[in-house]
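Report on the structure
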Amino acid sequence: MRIKHIEISRYGPLENLSHSIDSLFQCIYGPNESGKTLLIDALLKMTLGRKLRKPLKSSLNRVDEEPKGWIDLQVDGTKVRVDHATSLSDATGIPPEELRDIFVIRNSDMALLKEDKCLDRVADRILGLSSDSINLIVGELLSNGRLISSLKLSGIGGKKSPDSQVDAAKKLIDEIEGYLASINEDELAASERNLVELSTRLGTLEQARDELEIARRYKEFLEFKSAVEKAQAIIEKQERLPDGFRQEIIQALASFNESCSHITYHKRRTEQFGRLMIVCGIGLGISAVIAIMNSEMAVGLIQSIIILAAVLFSARFWLQSHSELHKSEKLTSQLMEMCLSLGNKSHDIHEAVNFLNERISFSKSATEALIGTLAIIKNELKLKKTAESVIIEQAQAEIDRRRSRFIKPIDTEYSDEKLDAVVGEIKGVKEEIDTHRGKIDNHSKKLQYFETVSQTVDFESVPVGFSSRSLDSVESLKHFTEDLNRFISYIEEHAETCRLAISIFRQLGVEEQRSVSELLSKGSRAAELFNEITSGRYTDVTYDPEKRQILVSQLSGTQFDTVPLSKGTRDQLYLAVRVALGEKLLMGQTGFFIMDDPFLTSDEHRVERQIEVMKRLVQQGWQIIFLTARKNLAEKIVSSFGTDYIELKALPLS
């Protein structure tokens, strides 16, 4: 595979570039601002095509257009023309990634781009393997089985991760089974039945209580109405005596009663002292006549004085008794007039006294009854001191208002004993209800808790049908544990299936990695070339499939990776690897290398050595397109190869 002609009519500012390549080594010198980098970009775009990986594709966008032109190549004796539409990959069947990774050396670095992946792809290509496919399948199995690389259930995603979901489901099963073991289903069912029965009983009792309450209020209404009617009757019948008149009658009766107790005595004394005064008067007259007749004036005078004193004494007591009798008569007349004023026409004082005593007693009872009745009404209406007429008026309004509550007839007979009995029974039933409801409420709270926690289990994440159910009974909890076990089984069994498949594919991957090591093993073409390039200082180039590293062996037998190597030695190693891999890809044929200033960091001695390496490659049939921006290096190289270099002209200023 040789590049025979490069034709670029336009690529950005690069125009009309046309060069034929006749030798196996062609140096192209391009000073700064001559388009050397644009030329490399154009070559890569035309040879590699559009399907480039991002690491290299991003560096080809210095000019946002496709190059106009072509490259003529000779492949297996046949002329092939490639451009931006038809790539070298299309012509050779070699993927553009492998063409890029092996045959293009950019940015002064011989190292392979993403070394392990490059070796995997080349091995797949050469040996008919499929490392990328295996890795892709393993990745899909990890994703599908919800596993991490260690084959444990993934913990990514927090509570939604498979690992957390399985743990949550197992914990929930343990909680549900523990709860089911702690309860007595028969007792719980009995409590539910009893609660229904007791609730019905409570409703009946509360209805009876309400009816009794209505009956009580109706009884109170009737009592209140009766009290009002009684008060109205007392007021309307005028059964009460005015306080002053009643007191006057009481005093008159008291005086009359007191007078009556001495009337006989005073009558007798009036008669006695009346007769005594008559006798004394007669005696006085007789004494005076005798005294005159006997001319005993002194004696007659004394006798007259004594008799006169007796007369005066008798007159005093007579007047006193007569006054008491007059007073009694006056009281009798007063009492008779009082009876008459009250509409009673008594024939004697005794009838009058009896009538007045009865009337006072009746008035007293009526007054006390009215006072008591009004007190009841005022207390019922929450009234303070108010006139009787106002109290009765407000009481009548209250009767009308209360009457409207009792439209239907009240058939229930009220008694405090009945109400107390019903209230006591209600209390007992409520206590029983509270006991059973406590058990059921605890059960309901537990069901609600399980319902809430069940929402954390992502049943939709597994392709197993789960019927939507509400956790509202013991039976539903049992069915839910079955769902949880199915959920866990699916995840774990599916994960286990994926683990088995992954282990199989990983074993295949290990076998393939071992196959990659066949490309770089003891006595391989890379080892042979590296030994030759380093003049026998390094004997072997191998590949460690586990560490995915290229290893080298010294003549002493010491083996190590590429890190300790100097940059020059490392460049020689990777050039040997590229040549070995290229020959494998080209089925033992040689091809070309496009090198972009690979010796920028090399000293004079190392450049000499690297030129010798390139000479050996050319001698083996490899074509090298060497691009450099250093004129002295271009002159040194062409003098070594005996060929002239192509010089790129400065680009026109824009």
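Only a predicted model underlies this, so the values are computations on that prediction, with no experimental measurement involved. Residue numbers run consecutively from 1 along every chain, following the written order of its sequence. It should be noted that, the model being predicted, local features are given only for residues of pLDDT at least 70 and side-chain atom pairs only at 80 or more, the latter also being counted only at that level, while totals for whole chains, interfaces and linings use all residues. Where side-chain values are given, they derive from all heavy atoms of the structure, hydrogens and water being excluded.

**Some remarks on the overall build of the protein chain**
Put simply, DSSP H or I for four residues or longer makes a helix, DSSP E for two residues or longer makes a strand, and each gets a number counted from the N terminus. Helix and strand counts for the protein chain stand at 19 helices and twelve strands. Counting contacts in the protein chain only where the partners sit at least 6 residues apart, residues at least 24 apart contribute 70% of the total. Throughout, a contact is declared for two residues whenever any of their heavy atoms are within 4.5 Å.

**Considerations on the confidence of the model for the protein chain**
Confidence of the predictor in every single residue is expressed as pLDDT, which spans 0 to 100. Overall, the predicted model of the protein chain reaches an average pLDDT of 77, with 80% of residues at or above 70. Across the protein chain, the secondary-structure element scoring lowest on mean pLDDT is helix α2 (residues 54–57), at 48, and the one scoring highest is strand β3 (residues 25–29), at 91. In the model, residues 123–129 has pLDDT below 50 throughout and makes 23 contacts with residues more than four positions away in sequence or in other chains.

**A word on the side chain of T590**
Inspection of the secondary structure puts T590 in the loop between α17 (567–585) and β10 (592–596). Contacts of T590, omitting those with residues within four sequence positions, involve M1, R2, Q620, G621 and W622.

**Notes on the pattern of salt bridges**
Any Lys or Arg side-chain nitrogen located within 4 Å of an Asp or Glu carboxyl oxygen qualifies as a salt bridge. The final tally for this structure, using the stated rule, is 15 salt bridges. When the shortest N-O distance is used, the salt bridge between K478 and E185 registers 3.1 Å. Here K478, found in helix α15 (residues 474–519), pairs with E185, found in helix α8 (residues 185–237); they are 293 residues apart in sequence, far enough to count as distant. Here K478 falls in the partly exposed class, since its relative accessible area comes to 31%. A salt bridge links E612 to K615, with the shortest nitrogen-to-oxygen separation between them at 3.9 Å. Of this pair, E612 and K615 both sit in helix α18 (residues 604–619), three residues apart, roughly one helical turn. Residue burial is assigned from relative accessible area. The probe radius is 1.4 Å, only protein chains are included, and a residue is buried under 20% of its type maximum, exposed over 50%, and partly exposed in between. We classify E612 as partly exposed; its relative accessible area is 40%.

**So, the sheet that holds strand β2 (residues 14–20)**
Within a sheet, neighbouring strands are paired by backbone hydrogen bonds and run either parallel or antiparallel to one another. In this scheme, strands are said to pair when DSSP sees at least two bridges between them. The four strands lie next to each other as β2-β1-β4-β5, forming an open sheet whose pairing is antiparallel. If you trace the sheet from one side to the other, it starts and ends with β2 and β5 (78–82), each paired once. Going from strand to strand, the sheet's axes swing by 15 degrees on average, the running direction of each strand aside. The sheet contact formed by strand β4 (residues 68–75) and β5 spans five bridges and is antiparallel. Directly across from V75, in β5, lies its bridge partner T78. Running at roughly 110 degrees to strand β1 (residues 2–11), helix α1 (residues 36–48) makes contact with β1, β2, β4 and β5 of the sheet. To obtain each axis, a line is fitted to C-alpha atoms, and for helices this fit is confined to the stretch in contact; angles are then taken between N-to-C directions over 0 to 180 degrees.

**Digging into the packing of helix α7 (residues 162–182) against helix α14 (residues 416–454)**
Two numbers describe how α7 lies on α14: the axes approach to 11 Å, and their chain directions differ by 165 degrees. When the axis of α7 is compared with that of α14, the two are roughly antiparallel. Once α7 is placed against α14, the crossing between them reads as left-handed. Taking contact as the criterion, the partners of L172, E175, I176 and Y179 in α7 are, on α14, N442, H443, K446, Y449, F450, V453 and S454. Residue classes follow a fixed rule: Ala, Val, Leu, Ile, Met, Phe, Trp, Tyr, Cys and Pro count as nonpolar, while Asp, Glu, Lys and Arg count as charged, and any other residue, Gly among them, counts as polar. Its residues assigned to classes, the contact of α7 with α14 shows six nonpolar, three polar and two charged. In this scheme, roughly parallel covers angles under 35 degrees and roughly antiparallel covers those over 145, while 65 to 115 is roughly perpendicular and the rest are oblique. In a left-handed crossing the near helix is turned counterclockwise from the far helix by less than a right angle, and in a right-handed crossing that turn is clockwise.

**Some points on the packing of helix α4 (residues 96–103) against α17**
Angle between the axes and distance between the axes are the two parameters that describe a pair of packed helices. The N-to-C vectors of α4 and α17 enclose an angle of 145 degrees; their axes lie 9 Å apart at closest approach. Facing E98, D101, I102 and F103 of α4, the residues of α17 in contact are R578, L581, G582 and L585. Here the residues of the contact of α4 with α17 sort into four nonpolar, one polar and three charged.

**Quick look at unusual backbone geometry**
One non-glycine residue, N16, lies in the positive phi region at around 50 degrees. Of note in this structure, E33 is not a glycine but carries a positive phi near 65 degrees. Among the secondary structure elements, E33 is positioned in the loop between β3 and α1. A relative accessible area of 65% places E33 in the exposed class.

**A short note on the environment of F530**
Relative to the assigned elements, F530 resides in helix α16 (residues 525–533). It is 9.4 Å that separates the C-alpha atoms of F530 and V552, two residues lying 22 residues apart in sequence. In this view, F530 contacts Y538, V541, V552, T569, Q572, L573 and A576; residues no more than four positions away in its chain are not counted.

**Topic: the nonpolar core**
Side chains of a nonpolar character, in soluble globular proteins, are inclined to be buried together. In terms of nonpolar packing, the biggest core is built from 80 residues, with I3, I8, F25, L39, L73, M614 and F626 touching the most fellow members. If one sorts the elements of this core by residue count, α17 sits on top with nine residues. The residues touching L39, leaving out its near neighbours within four places in the chain, are I6, I8, L14, L17, I28, L627 and L648. For this analysis, a nonpolar core means a set of buried residues of the types Ala, Val, Leu, Ile, Met, Phe, Trp, Tyr and Cys, connected via side-chain atoms within 4.5 Å. Membership of the second largest hydrophobic core comes to 30 residues, among which are L142, I173, V457 and A495.

**A look at the environment of G642**
Within the secondary structure, G642 sits in the loop between α19 (631–641) and β12 (646–647). Sequence separation between G642 and F25 is 617 residues; the distance between their C-alpha atoms is 9.6 Å.

**Some words on helix α13 (residues 388–403)**
With 16 residues, α13 extends 22 Å between its outermost C-alpha atoms, agreeing within 8% with the 22 Å of an ideal straight helix rising 1.5 Å per residue. Considered for burial, the residues of α13 that qualify are I391, I392, A395, E398, I399 and R402. Projected down its long axis, α13 shows its buried positions confined to an angular sector of 125 degrees, all on one face. Seen from the buried face of α13, the exposed residues on the opposite side, beyond 90 degrees, are S389 and E393. What a helix is expected to span follows from its residue count: subtract one and scale by 1.5 Å. Note: the arc covers the axis-to-C-beta directions of the helix.

**As for the sheet that holds β3**
Spatial strand order, β6-β10-β11-β3-β12: five strands in an open sheet with parallel pairing. With partners counted over all chains shown, the strands left at the sheet margins are β6 (104–105) and β12, one partner each. Judged from the five bridges that link them, β10 and strand β11 (residues 623–628) form a sheet pairing that is parallel. Looking across to β11, one finds that I594 is bridged to I625.

**Considerations on α14**
Between its first and last C-alpha, α14 extends 55 Å over 39 residues, near the 57 Å set by a 1.5 Å rise per residue. Every buried residue belonging to α14 is among L419, V422, I426, V429, I433, H436, I440, H443, L447, F450 and S454, and all of these are buried.

**Quick notes on the packing of aromatic side chains**
Side-chain rings of Phe, Tyr and Trp (the six-membered ring for Trp) are treated as a pair once their centres are within 6.5 Å; stacked means planes under 30 degrees apart, edge-to-face means over 60, and tilted covers the remaining angles. Taken as a whole, this structure holds nine aromatic pairs when the rule is applied. Consider the rings of Y29 and Y645, whose centres lie 5.8 Å apart with planes at 80 degrees: the pair is edge-to-face. Of this pair, Y29 sits in strand β3 while Y645 is found in the loop between α19 and β12, placing the two residues 616 residues apart along the sequence. Assigned by exposure class, Y29 and Y645 land together as buried.

**Section: the pairing of β2**
Here β1 runs beside β2; their pairing, made up of six bridges, is antiparallel. Bridge pairing in β2 places R10 opposite E15.

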